[in-house]
Amino acid sequence: METLDYIVLLIYVAGIFAVGGIFSTKIKDSTDMFAAGGQSPWWTSGLSSFMTMFSAGTFVVWGSIAFKWGMVAVSINMCYGVAALLVGYFVAGHWRRLGVRTPAEYVQLRFGKAAIHFYTWTMMIYRMVGVGVALYSLAVLLVALMPLSEGNPLRDPATGNLALHWAVLLFGLIVVVYTMIGGLWAVLMTDVLQFIVLNLAVLFVVPLCLLKVGGLGSFVASAPPGFFIPTTPEFPWIFLAGWCAIHFFMVGAEWAFAQRFLCVPTQSDARKSAYLFGILYLVSPILWLLPPMLYRAMAPDANSEEAYILACRSVLPPGMVGLMLAAMFSATASMVSSQLNVFAGVLTSDFYRGLFHPAASERHLVTVGRLMTAVLGTILIAIALAVPLLGGAERVVLSVTSLLVTPLLAPTIWGLFSRRVGASCIWPTAAVSFSLGILLKFGFAPQGWFANYESLAGVSQWLQSHLRSMEIVVGVIVPVGILTIIQMTSRTAHPGYQRVADLAATQSQVPARVASRLPALMVAWSIGVCGMVMAALALFDREQWHILLGFAVALFAISATIAWAAGRTKGHNENR
């Protein structure tokens, strides 16, 4: 990295803190802190959901698959889009209709106190470990590009780059601080800013990579056989169908996504946010997975996990590497901030207020919410720092917890529609599915618990040869089947359904808040700043100055258009 790259990266970090500071003035109560006061525009919520799916793994894992197998990586990511469109049609509006402030409040009303304890701690452990590993992965990815001079206290003497533990600490603190200051508003708006930076960087990389490989025709001619086929023997159609089903439950019920449906003014806005999320994931994967696919034509023997960053380094001018680093940081920062805010909201509203201080004032709850964000952020950073000490155990932990995703989330969605199911549906669904998943992952694995039992060798071999299909059976069909049986055998309505219905009826009498126009103005300013950065970089690049300047002009035009459109709605929006 050169000096210009560090300057661009610092401008980006300063922009994040500025967004957090501006939106901290909108935090008046816990609803503002954890639900954006119900004033988030639908497009802000949709873009935030889109970015919440990203992490450093997007560049490493999916970039590696794109480099090795091509279009199958795109088709797998498009499954998120299909899932989100289905969520928009069936689920998103129901969340907004409930009138709850957090998804945990719905779980407590619908299923009771035991369920909320089970969900909170299980989901928190699952997500915090996953996010901690993602933060560590981000640090590993980025420190390789950040050399420091001798004598710098943040330098690793062994590599000459930024020390890994300092990278984890610095990156983690940046996310924790802006989330703590600005609450869900800061999370939403920094997600939008991150969306802009990510796509700006990718839009710059793709045409330069195409030029370097000799154009689209040359790229297609040099690709290996089957590179543009949407499936492979490793990822067949049944896997893609199951992937859609699993992520229908994830996008529809995981708390970080459900929170996006609760923070908009109306049910229609909730549906539109999910549709935007889905459409983006149907059309954009081909764009941001092209760099590693194109790099296959440049260096077919390269390390597949490094293909994304190597493709960017091979074509980007000074300053733009810093923008790409900002985009990669953005991807993980979005995931981290989303989980911090949603679990801080649960601990504040549903545990602290519910169990210890029912009469707490709203200002007091905001203070507690920020404290909870800081505590969870500290734990998250500690998990990320401890990853090297786990000796690979984090992979086992993540494998086990990932088995809980659909069994945990399917009852939540089921409870939105069915009067008959109650807390009793949660325990068998989770226990049976989780137990079968453990047996599949660790019992019948090639070196698993039953490897020395000759009588089970045939079963083990059959399961491993149909592993993807069996994962879908255990992860989707089994929990849905259990819930169907419970639905068919239950004869009475569960009281939790009526509690939720009563709250929804009460909230339906409350006028919906109007979406704030401040996010649109922030987007206009952010795009304008990106245009100024591009114009400044053009002054230092003699070879590609015309491309940079063209991008700058386009960004100025987009910024002016958005600012004009936001100004037209001034009389129709509240701006607290």
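Residues numbered from 1 in each chain as written. Predicted model: local features only at pLDDT ≥ 70, side-chain atom pairs only at ≥ 80, totals over all residues. Heavy atoms only, no water.

Novice: Go over the overall build of the protein, please, and point to the residues and values.
Specialist: When you go through the protein residue by residue, the secondary structure sums to 26 helices and zero strands. Taken over the C-alpha atoms alone, the protein extends approximately 75 × 70 × 45 Å along its principal axes. The proportion of buried residues among the 576 residues of the protein is 56%. Total accessible area on the protein stands at roughly 23,100 Å², and carbon and sulfur atoms take up 68% of it. Placing the 32 positive and 23 negative side-chain charges of the protein at their respective mean positions leaves the two points 12 Å apart. (Helix = DSSP H or I, 4+ residues; strand = E, 2+ residues; numbered from the N terminus. Buried < 20%, exposed > 50% of the residue type's maximum accessible area, 1.4 Å probe, protein only. Areas by Shrake-Rupley, 256 points an atom, 1.4 Å probe, with all protein chains shown as cover. Lys, Arg positive; Asp, Glu negative; His and termini not counted. Charge placed at Lys NZ, Arg CZ, Asp CG, Glu CD.)

Novice: Break down the confidence of the model for the protein for me, citing the residues and quoting the values.
Specialist: On average, residues of the protein score 81 in pLDDT, and 91% of them reach the 70 mark or higher. The model gives residues 392-398 a pLDDT under 50, and that stretch makes seven contacts with residues more than four places away or in other chains. Scored below 50 in pLDDT, residues 571-576 shows 17 contacts in the model against residues more than four places distant or in partner chains. (pLDDT = per-residue confidence, 0-100. Contact = heavy atoms within 4.5 Å.)

Novice: Could you give an account of the state of the cysteines, naming the residues involved and the relevant values?
Specialist: According to the stated counting rule, one finds zero disulfides in the structure shown. C312 supplies the cysteine sulfur nearest to C209, a cysteine that is in no disulfide, at a spacing of 6.7 Å. Looking at the unpaired C244, the closest cysteine sulfur is the one in C79, lying at 3.6 Å. (Disulfide = S-S within 2.5 Å.)

Novice: Which residues make up the environment of F111, and what are the values?
Specialist: In this structure, F111 sits in helix α7 (residues 103-111). In this view, F111 contacts Y106, P411, T412, G415, G422, A423, C425 and I426; residues no more than four positions away in its chain are not counted.

Novice: Would you mind going over helix α3 (residues 42-52) in detail, with residue names and values included?
Specialist: Burial of α3 is extensive: nine of the eleven residues sit out of reach of the surface. Of all the positions in α3, only T44, S45, G46, L47, S48, S49, F50, M51 and T52 are classed as buried.

Novice: Would you mind going over the pattern of salt bridges in detail, with residue names and values included?
Specialist: Tallying each qualifying case throughout the model produces one salt bridge. Linking D269 and K272 is a salt bridge whose minimum nitrogen-to-oxygen distance equals 3.8 Å. Taken together, the residues span about one helical turn, with D269 and K272 both in helix α13 (residues 267-283) at a distance of three residues. Given a relative accessible area of 12%, D269 falls into the buried group. A relative accessible area of 32% means that K272 is categorised as partly exposed. (Salt bridge = Lys/Arg side-chain N within 4 Å of Asp/Glu carboxyl O.)

Novice: Give me the lowdown on the packing of aromatic side chains, citing residues and values where you can.
Specialist: Ring pairs (aromatic) are described by centroid distance and by the angle formed between their planes. For the structure on display, the rule yields 21 aromatic pairs. Aromatic pair F239 and W243: ring centres 5.2 Å apart, planes at 25 degrees, arrangement stacked. Residue F239 and its partner W243 are both found in helix α11 (residues 237-253); the two are separated by four residues, about one turn of the helix. Residue classification places F239 among the buried positions, given a relative accessible area of 5%. Site record: aromatic cluster; members linked through ring pairs are F50, W62, Y80, F195, F239, W243, F257, F277, Y281 and W288. Over the ring of W69 we find K68, and its NZ or CZ is 5.0 Å from the ring centre. Here the basic side chain of R296 rests over the ring of F67, its NZ or CZ set 5.6 Å away from the ring centre. (Phe/Tyr/Trp six-rings, centres within 6.5 Å; stacked < 30°, edge-to-face > 60°. Lys NZ or Arg CZ within 6 Å of the ring centre and 35° of its normal.)

Novice: Please provide a residue-by-residue account of the packing of helix α9 (residues 164-213) against helix α18 (residues 362-386), values included.
Specialist: For the pair α9 and α18, the least separation of the axes is 9 Å and the interaxial angle reads 160 degrees. Judged on the interaxial angle alone, α18 and α9 are roughly antiparallel. Judged by the sense of rotation from one axis to the other, the crossing of α9 with α18 is right-handed. Taking contact as the criterion, the partners of H165, V168, L169, G172, L173, V176, T179, M180 and I181 in α9 are, on α18, R370, T373, A374, G377, I381, A384 and L385. (Axes fitted to C-alpha atoms, helices over the stretch in contact; angles between N-to-C directions. Parallel < 35°, antiparallel > 145°, perpendicular 65-115°, else oblique. Left-handed = near helix turned anticlockwise from the far one by under 90°.)

Novice: So what about a nonpolar patch on the surface? Which residues, and what values?
Specialist: Taken together, the side chains of I7, I11, V529, M532 and F556 define a hydrophobic patch exposed on the protein surface, amounting to about 410 Å² of accessible area. When residues of the nonpolar patch are traced back to their parent elements, those giving at least two are α1 (3-24) and α25 (518-538). Among the secondary structure elements, M532 is positioned in helix α25. (Patch = residues over 30% accessible without salt bridge, like charges linked within 9 Å, V, L, I, M, F, W, Y side chains within 5 Å.)

Novice: Give me the nonpolar core: which residues, what numbers.
Specialist: If you look at the biggest cluster of nonpolar residues, it comprises 179 residues, and the most contacted ones within it are F329 and M534. No other element matches the 28 residues that α9 contributes to this core. Apart from residues lying up to four places away in sequence, M534 is in contact with L200, F204, M320, L323, L548, F551, A552 and L555. With five residues, the next largest nonpolar core counts L440, L463, M470 and V474 among its residues. (Core = buried A, V, L, I, M, F, W, Y, C linked by side-chain atoms within 4.5 Å.)

Novice: With reference to specific residues and values, describe the environment of L555.
Specialist: By secondary structure assignment, the location of L555 is in helix α26 (residues 545-568). On the accessibility criterion, L555 (9% relative accessible area) is buried. Along the sequence, L555 and L86 sit 469 residues apart, while their C-alpha atoms lie 33 Å from each other. Apart from the residues within four sequence positions on either side, L555 is in contact with L200, I527, C530, G531 and M534.

Novice: Tell me what's going on with the packing of α9 against helix α16 (residues 307-315), and back it up with residues and numbers.
Specialist: Remark: α9 packs on α16, axes separated minimally by 9 Å, with the N-to-C direction vectors making an angle of 75 degrees. By the criterion of interaxial angle, the relationship of α9 to α16 is roughly perpendicular. Residues V202, V205, L208, C209 and K212 of α9 lie in contact with α16, whose contacting residues are Y308, A311, C312, S314 and V315. A class-by-class count of the residues in the contact of α9 with α16 yields eight nonpolar, one polar and one charged. (Nonpolar A, V, L, I, M, F, W, Y, C, P; charged D, E, K, R; others polar.)

Novice: So what's going on with the environment of V432? Which residues, and what values?
Specialist: Locating V432 in the fold gives a position in helix α21 (residues 426-443). Separated by 107 residues in the primary sequence, V432 and L539 place their C-alpha atoms 63 Å from one another. The residues touching V432, leaving out its near neighbours within four places in the chain, are V478 and I482.

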